[in-house]
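Reading the structure
Listed below, chain by chain, are the residues.
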Amino acid sequence: MSALWQILRLMLRDQRAAMVRGAALAVLVLAMGVALLGLSGWFITAAAAAGLAGVGATFDVFRPSAMVRFLALGRAAARYGERLATHDATLRALESLRLRLLTGHLAAPWQKLIRLRGAEALNRLTADVDALDGLPLRLALPLLAGGATQLLAFAALWMLTGWQVAVWVMAVSVAGGALVLWHMARHTLRPSRRAEAAAQAFRTRLIDMIRARDDLAVYGHLEAQQVAVRSAEARRHEWRLGLDRTDRRAGAVLAGLSALVAGGTLWLGLTMAQDGRLTPAIAALGVFAALALAETLMPLRRAVADLGRMADAARRIKGGLVSPLPTLATVTGTGGLQVSTLRLARPGESLSLTAPLSFAVAPGETVALTGPSGAGKSTVLLALAGLHPPLSGQIMLAGRPLAEWDDPSLRALLTLVPQRSVLMAGTVAEALRLAAPEATGDQMWQALEATALADTIRARGGLEMRLGSRGTGLSGGEARRLVLARALLRRPAILLLDEPTEGLDPATATHVLNGIRAHLPQAAILLASHRDAETDQALRKVTVL
């Protein structure tokens, strides 16, 4: 539960003024509700007693009735203001959480990022933040407002009816309500977590089925995937039904508790009225006020039912939150790269993956990394890009050790095009501007010309041609060339390419490699390859063993 407290503190700090206003209005709403019902009970009883005593004609009905109207209208207005303030503050706090969480994901180490599945990560991130909307709205603010109202009611009842009624109402309401909600929490933590897990499984499996429907149909697994989707949804429905049953039982017990409090208050009021210590009207006020105080407990049921879900969400996201937003680099470096006795290992291992490597790539040179499949060529490129820690050795970029480059400056100096790159849904221009947001149309066409893709894009609608998810609408080779064009727009001083012409015929591959060099004549280019069309363009080769 410490994670919940940390997230709540962060949300309250981000929206302190609005949350304080909302809490004050929530207390006002509850207090006015108690006052309204208590005054109504007093008014009805006092009017009836005056009629029985034969003094009804002189009984003042105007001021109490005016107060009843004032409390009713004021309570409605305060409720509207409270909803407006608390919901607006909560939505703004969730927006801040999302920004912090996304910033944390973007700043995460490469080894963590590559383990994230796109749909699953986005689904989890969205669901976790959404789950926390109930933290201030249904837990913290109702709990605070309910406690404050109980204290105010305790003081008012003590002054009006005596300590016996005040102690009875508060002790039984608070102790009994806490016991019921604690018991409910014990029985809802696990179902709440299981229901959320089943909901996540349903969404992930459904997304997988939609995205891979062609492959699933070809290999005869589409029906099995449909069964898995329905199974996850059935589990979620089953757990939610269990939560609903527990919620209804808790509601029934709380309603019974309210009746017990009101019944005890009625008995105390009658006893004290018979002894002459209270008037019947004041005794009725205590009874109706006790009934109204049930509103301080009932709203907490929803929060308790979702407590497990909220606690899990808070625990997952608290480690990914960061406060400062990263700044973009404005300084680029020049020069090539030098590698001295570089040795690499897989994450968590100490056994060297490659023999010691030493080589250099000067500005304007193209060097090819060669070697058998699985030798570690891609890992070398990741290490040079600062995305894989070396086991030993030194990497110098533009005359400075890799460790001395901060991330924004490193990304401005160096660009890596990995073996598997991703294109998102949108226009061709949007795909290119991912690398260079300020790129002009002429600059984008120049990059497309360099990768032998300009004629294809012109024939299909130009830069406003729309692509589907993962570049749907382009062939594999065309998508690869669009990724290369995107990298060229950054105009890096060092360009790392992992099998850049995979999927292209030899003539097109040669055209693309020549276009890259013509577009970046002074860049140091290092490419990992096993194709002749690529290695023939290199000034020399470095073998990875």
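Just so we're clear, the structure is a prediction, and the values are computed from it rather than from any experiment.

1. Remarks on the overall build of the chain
- When its secondary structure is counted, the chain shows 20 helices and 11 strands.
- Expected size for 545 residues packed as a compact globule is a radius of gyration near 24 Å; at 34 Å, the chain overshoots this value by more than 25%.
- Across its three principal axes, the chain shows a C-alpha extent of roughly 115 × 50 × 50 Å.
- Expressed as a percentage of its 545 residues, the buried residues of the chain come to 48%.
- Looking at the chain as shown, the accessible area adds up to about 27500 Å², and 61% of this sits on carbon and sulfur atoms.

2. Remarks on the pattern of salt bridges
- Scanning all chains against the criterion turns up 22 salt bridges.
- As a salt-bridge pair, Arg458 and Glu449 come within 3.2 Å of each other at their nearest N and O atoms.
- For Arg458, a relative accessible area of 42% translates into the label partly exposed.
- Where salt bridges share partners, they join Arg75, Arg79, Glu82, Arg83 and Glu295 into one cluster.

3. Let's talk about the sheet that holds strand β2 (residues 357–361)
- Taken in spatial order, the four strands line up as β2-β1-β4-β5 in an open sheet, and their pairing is antiparallel. Strands with a single pairing partner mark the edges of an open sheet, and in this sheet they are β2 and β5 (400–401).
- Relative to β2, strand β1 (residues 337–343) runs antiparallel, the two sharing four bridges. Across the sheet, residue Leu337 finds its bridge partner in β2, namely Val361.
- Against the sheet, helix α13 (residues 377–384) touches β1, β2 and β4 (392–397), its axis set at about 60° to β4.

4. Points about the packing of helix α7 (residues 163–211) against helix α12 (residues 307–318)
- At a closest axis distance of 6 Å, the pairing of α7 and α12 adopts a crossing angle of 60°. Relative to α12, the element α7 lies oblique. Facing α7, whose interface residues are Ala185, Leu189, Ser192, Arg193 and Glu196, α12 presents Leu307, Gly308, Arg309, Ala311, Asp312 and Arg315.
- Residues that form the contact of α7 with α12 fall into these classes: four nonpolar, two polar and five charged.

5. Considering the nonpolar core
- Leu4, Ile7, Met11, Leu97, Leu132, Leu135 and Val169 are the most contacted members of the largest nonpolar core, which has 53 residues in total.
- Broken down by element, this core gets its largest block of residues, eight residues, from α7.
- With residues near it in sequence (within four places) discarded, Met11 still touches Ala93, Leu94, Leu97, Leu132, Leu135 and Pro136.
- Grouped together as the second largest cluster of nonpolar side chains are 42 residues, Leu463, Met465, Ala485 and Leu495 included.

6. Overview of the UniProt feature "transmembrane region" (unreviewed entry) in the chain
- Here the UniProt feature "transmembrane region" (unreviewed entry) sits at residues 18–36, 42–62, 139–159, 165–185, 250–270 and 282–300.
- As a span, residues 18–36 carries 100% helix and 0% strand, and end to end its C-alpha atoms are 26 Å apart.

7. Quick look at a nonpolar patch on the surface
- On the surface, a nonpolar cluster with roughly 210 Å² of combined accessible area is contributed by Leu37, Phe288 and Leu291.
- Tracing the backbone through its elements, the reader meets Phe288 in helix α10 (residues 280–292).

8. Topic: the packing of aromatic side chains
- A full pass over the atoms with the stated rule returns one aromatic pair.
- Seen from their ring centres, Phe154 and Trp158 are 5.5 Å apart, and the 75° between their planes marks the pair as edge-to-face. Separated by four residues within a single helix, Phe154 and Trp158 lie in helix α6 (residues 134–161), roughly one turn from each other.
- We classify Phe154 as partly exposed; its relative accessible area is 23%.

Rules used in this analysis
- Per chain, residue numbering runs from 1 following the sequence as it is written.
- The predicted origin of the model limits local features to residues at a pLDDT of at least 70 and limits the giving and counting of side-chain atom pairs to 80 or more, whereas totals for whole chains, interfaces and linings rest on all residues.
- Water and hydrogen atoms play no part in the side-chain values, which are based on all heavy atoms of the structure.
- The numbering of helices and of strands both runs from the N terminus, where a helix is a DSSP run of H or I of at least 4 residues and a strand a run of E of at least 2.
- With C-alpha atoms as the basis for the radius of gyration, the globule rule is written as 2.2 Å multiplied by the number of residues raised to the power 0.38.
- To sort residues, take the accessible area from a 1.4 Å probe on protein chains only and compare it with the maximum for the residue type: under 20% means buried, over 50% means exposed, and anything in between is partly exposed.
- Where accessible areas are quoted, they stem from the Shrake-Rupley method and a 1.4 Å probe; at the residue level, only the protein chains shown are allowed to cover.
- For this document, the term salt bridge refers to a Lys or Arg side-chain nitrogen within 4 Å of an Asp or Glu carboxyl oxygen.
- The criterion for strand pairing is that DSSP finds at least two bridges linking the strands in question.
- Contact definition: two residues touch when any of their heavy atoms are within 4.5 Å.
- For helices, the fitted axis covers only the stretch in contact; all axes are lines through C-alpha atoms, and the angles between them, taken along N-to-C directions, range from 0 to 180 degrees.
- Each angle receives one of four descriptions, namely roughly parallel if under 35 degrees, roughly antiparallel if over 145, roughly perpendicular if within 65 to 115, and oblique otherwise.
- Residues are sorted three ways: Asp, Glu, Lys and Arg are charged, Ala, Val, Leu, Ile, Met, Phe, Trp, Tyr, Cys and Pro are nonpolar, and all the rest, Gly among them, are polar.
- Residues grouped as a nonpolar core are buried Ala, Val, Leu, Ile, Met, Phe, Trp, Tyr and Cys residues, joined through side-chain atoms within 4.5 Å.
- UniProt positions are given in the numbering used here, feature names are shortened, and annotations may be inferred rather than shown by experiment.
- Here the term patch refers to residues with relative accessible area over 30% and no salt bridge, with like charges joined within 9 Å and nonpolar side chains (Val, Leu, Ile, Met, Phe, Trp, Tyr) within 5 Å.
- Note on ring pairs: Phe, Tyr and Trp rings are taken, using the six-membered ring of Trp, and paired if centres are within 6.5 Å. Classes follow the plane angle, with under 30 degrees stacked, over 60 edge-to-face and the rest tilted.

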